[in-house]
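Given next are the chains, with one letter for each unit.
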Amino acid sequence: MTLQTTSPLRRKRRPTTGLLFLAPFGLLFIFVFIIPILYSAYISLFQNKLIGGQSFVGLDNYVRLFKDPQFYDGAIRVVVFTAIQVPIMLLCAILLALAVDSLRLHGTRFFRIVVFLPYAVPAIVSTLMWGFMLGIRYGLIGNLNDALGTRFDPFAPETTMASIGIMVTWGFTGYNMLIFYAALRAIPRELYEAAAIDGATEMQVVRNIKLPALRGSLTVTVIFSIIGTFQLFNEPNILSSLVSNSGITSYYTPNLYAYTLAFTGSQQGYAAALALVMAAFTIVIAYIVQIRGMKNAFDK
Amino acid sequence: MRKTRIAAVATALTAVIALAGCSGSADEAPTAGAIPTDEPITLTVWSWDGTVEAAVPGFEKKYPNITVDVVNAGSSTDEYTALDNAIQAGSGVPDIAMFEYFVLPFFAIPGKLTDLSVYGADELGKDYVEAAWGEVNIDGAPYALPSDYGPAAMFYNQKVLAEAGVEEPPATWDEFYEAAKKVRALGGDHYITNDSADIFLLLSLIWESGGRPFQVEGTDVKIDFTDEGTARAVEYWQRMLDEDLINTKITGWSDDWNRGLNDGTLATQLIGGWFTSTLPERAPDAAGDFRIAELPQWEEGERSGAENGGSAMAIPADAPNKDAAYAFLEYFTHGEGLQARIDEGAFVPTLSFLEDEAFLASTNEFFGDQAYNEVLASASKNVGTGWQYPPFFSWARSSYEDLSAPLYNSGEGTLAELLETWRERMTEYGNEQGFAVS
């Protein structure tokens, strides 16, 4: 700060060239990010009635949201889901990345692609696929139930969320694995040589070289995963029409609820308020994770 | 659409005034019949009913300056969302759009549709089945013309019923109940039918039974699930559920449903007549086994019925070319263009169509060469009149699905309690939306 104010030359140069470089990104950022958010904030202050049209209601939508049991039902569900699913998925991703990086597997390239492939399958397709596989009447589970004489139902109200967890984990483990794998590949080879000279075992290499190197990417993947799971929408939306009695309501996740409010209930203002509150909540959580992640990185 | 309008303005100066007149604000009363013939007009029609296309060539021949563009803007809810967005945005509104009957009040009551009586649509009422005409009339004015009709009927798998010892299709609900027990006795997954909280199924039973739970007058909505007809239907269906005579695990339109219909574990469907067009591809193995009968009756010898599905076409209040739009609307739903659609399989609730001999005599191998149109025509005429949907029925429907989960999942509560909670939710929502709901 002080340096800038005392050096007029710097101050003069910065706006012209710097802003020019920033412009393409800046413009896009303003148009596709800032303006929509401001617009949402604006419409969240209005109520849209079928009879009577739009009226300004101030913060009523927010007040109402914080009293809405359906909102809490969905919000708590995704928080619990995130707390369970994200650690499992990231652990799997780390183990896979370590396995690929160990150079002890044959056909690692093939393996890498196969693990990554589910990420390329659209959520709609994968949900249909898993829906058929886990369905109890004719799917894989149906056959297993028949063979074993059990009555396990992956889409009962109590188990639907776990089934969605499986679908999401299947879809995103490969993506996270690639991030971890890239971090592992970036480790200078000298460290391994030094470790070999010191006579370190493979486990020691993993613990003292590889895992510490993953910390940065772990922060990134945790943030991405939290953002992703908080926005859960496709899977429950498709499953609700695919299987009956799955317990999926129109407010099953906050995003599904916002969608129902806006497009079935014509309550766009209320939906906007919900979306903004969820966005703020996600940002806070992601920020906490980031601060913690950075702190740990500096501690070591 | 806007471009063609500008082009039109540029070509014919005299016609500009007429055009501006009919593409102006919704408040202006359009004058019927004043379709300019010397300038190009493009009509945009939003329809997921494929038969509309069949009426286009004839119409374009009759009006050489009009081009009709039939667009599938999505089915049902997808289209309504798109239309509502277009109306709110004030651009891209089609000239004609397709609506299921239950959604008409949602658009008509807040003034989003054109009152067709200025075009003389009132006159057409006598040509339609009374119940169908009643559904397109909101507060005494026609806002749409019926284009498709789905009288509730019973599709039954004759072979499965015979195996269960039911020789004649159940003619009353008491017989249906007895038949359900016999089908259940076949063991395994055999059920007489399925229901996973299908609101239209329940409403069609209520409708047939004489219940009229929704009464709408302008923005006043009355909801009451305790009238005699409603109570009778609800109690009956409750008994069917309690005695495990209905498969609640299978949801309509799912893969499971197709399989159940195909392998005969679902012996009947209580559904709209339009089901004739899709059942053959869903249950190819059951070819020749299915027959169609009118809904079982509440009292022996009665002639009552209900509607379950069907659609109408309307002109949005903001449509750009209203006069031309009405000309086409009348043409393909009622006038000369109708026959072309009928040839493509359209089922319309006009009296002349329902009495057409060729139509009544037509058969289909899948239904064992039964002249099933006779049944559907009769069912259409028997549909009870005076039924109304609340203007927020789309919302109400998704609310019902949420509320019905405990009952249909784990048997918690009763149908009557479910409807009462639903009524409370609808009252709350409706009042919030500016209606007077009680």
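Residues numbered from 1 in each chain as written. Chains lettered and ligands numbered in written order. Predicted model: local features only at pLDDT ≥ 70, side-chain atom pairs only at ≥ 80, totals over all residues. Heavy atoms only, no water.

(A) Structural context of the interface of chain B and chain A. On the chain A side, the residues contacting the 35 residues of chain B number 27 residues. Counting each side, the surface lost to burial between chain B and chain A is near 2500 Å², with a carbon and sulfur contribution of 48%. Among the residues chain B hides against chain A, the three largest losses belong to Asp402(B), Glu432(B) and Gln433(B). Together they make up 23% of the total. Across the chain B-chain A interface, the total number found is one salt bridge. Arg64(A) is the salt-bridge partner of Glu432(B), the closest N and O atoms lying 3.2 Å from each other. Per element, the largest residue contribution to the side of chain B that touches chain A is six residues, and it comes from helix α18 (residues 393-410) of chain B. Class assignment for the residues of the side of chain B that touches chain A results in nine nonpolar, 16 polar and 10 charged. (Contact = heavy atoms within 4.5 Å. Buried area = accessible area lost by both parts, 1.4 Å probe. Salt bridge = Lys/Arg side-chain N within 4 Å of Asp/Glu carboxyl O. Helix = DSSP H or I, 4+ residues; strand = E, 2+ residues; numbered from the N terminus. Nonpolar A, V, L, I, M, F, W, Y, C, P; charged D, E, K, R; others polar.)

(B) Spatial organisation of the pattern of salt bridges. All names here are of chain B. The tally for this structure, following the rule as stated, stands at 13 salt bridges over all chains. For Glu355, the salt bridge goes to Lys381, with nearest N and O atoms at 3.5 Å. Of this pair, Glu355 sits in the loop between α15 (351-354) and α16 (357-361) while Lys381 sits in helix α17 (residues 372-381), and the two are 26 residues apart along the sequence. For Lys381, a relative accessible area of 41% translates into the label partly exposed. (Buried < 20%, exposed > 50% of the residue type's maximum accessible area, 1.4 Å probe, protein only.)

(C) Structural context of the environment of Ile250(B). Structurally, the position occupied by Ile250(B) is in the loop between β10 (246-247) and α11 (255-263). Distance from Ile250(B) to Gly260(B), taken between C-alpha atoms, is 8.4 Å for residues 10 residues apart in sequence. Once residues within four sequence positions are removed from consideration, Ile250(B) is found in contact with Arg137(A), Ser244(A), Asn194(B), Asp195(B), Ser196(B), Asp256(B), Trp257(B) and Leu266(B).

(D) Seen up close, the packing of helix α5 (residues 108-120) of chain A against helix α8 (residues 160-185) of chain A. All names here are of chain A. It is at 6 Å that the axes of α5 and α8 come closest, and there the two elements cross at 130°. Between α5 and α8, the interaxial angle falls into the category oblique. Of the two possible hands of crossing, α5 and α8 adopt the one that is left-handed. Taken together, the residues of α8 that come into contact with α5 (itself represented by Arg112, Val115, Phe116, Pro118 and Tyr119) are Trp170, Gly171, Phe172, Gly174, Tyr175, Met177, Leu178 and Tyr181. Partitioned by chemical class, the residues of the contact of α5 with α8 number 10 nonpolar, two polar and one charged. (Axes fitted to C-alpha atoms, helices over the stretch in contact; angles between N-to-C directions. Parallel < 35°, antiparallel > 145°, perpendicular 65-115°, else oblique. Left-handed = near helix turned anticlockwise from the far one by under 90°.)

Keep in mind these numbers describe shape, not what the thing actually does.
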